[in-house]
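Working through the structure, step by step
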Amino acid sequence: MQLIATFSATPDFMTEFDADAENRGLAGLTMLQMWHDADDATRILCLFEVNDRTRANDWIAKARALGNLMTTQFLRTA
């Protein structure tokens, strides 16, 4: 299972994103790719491999509670 998360590209995004690496790992998320939106420079999209959906949902809920306005979508291979 994969997860696509869309983040706002704030000036401190990469610093904050890197600082959260351990939390993502503990949530069973492995980052596969990161993209800048070609049409909207204020958006960054990340593709993660999900090892445990429950822990991934917990990470999403914590991130949102801390004010991260990311959108997320879980995906399965068709």
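Before going into details, it helps to say that this report is about the structure given with it.

About the criteria used
- Residues numbered from 1 in each chain as written.
- Predicted model: local features only at pLDDT ≥ 70, side-chain atom pairs only at ≥ 80, totals over all residues.
- Heavy atoms only, no water.
- Salt bridge = Lys/Arg side-chain N within 4 Å of Asp/Glu carboxyl O.
- Buried < 20%, exposed > 50% of the residue type's maximum accessible area, 1.4 Å probe, protein only.
- Helix = DSSP H or I, 4+ residues; strand = E, 2+ residues; numbered from the N terminus.
- Expected span 1.5 Å × (residues − 1).
- Arc of directions from axis to C-beta.
- Contact = heavy atoms within 4.5 Å.

Comments concerning the pattern of salt bridges
- All chains considered together, the criterion is met by three salt bridges.
- Notably, a salt bridge pairs Arg 43 with Asp 37, separated by 2.7 Å at the nearest N-O pair.
- On the basis of relative accessible area, Arg 43 is assigned to the partly exposed category, the value being 34%.
- Overall, the relative accessible area of 17% leaves Asp 37 in the buried class.
- A salt bridge links Asp 52 to Arg 55; the shortest N-O distance between them is 3.6 Å.
- When its relative accessible area of 38% is taken as the criterion, Arg 55 is described as partly exposed.

Topic: helix α3 (residues 53-65)
- The terminal C-alpha atoms of α3 lie 18 Å apart, and with 13 residues this matches the ideal 18 Å at 1.5 Å per residue to within 8%.
- Three or more residues of α3 are buried, namely Ala 56, Trp 59, Ile 60 and Ala 63. Mapping the buried residues of α3 onto a view down its axis gives an arc of 100°, with all of them on the same face. When the buried face of α3 is taken as reference, the exposed residues oriented beyond 90 degrees from it are Thr 54, Lys 62 and Ala 65.
- Summarising the contacts, the buried residues of α3 are in contact with β1 (2-8), α2 (21-26), β2 (29-36), β3 (43-50) and β4 (71-75).

That is the geometry; function is a separate question.
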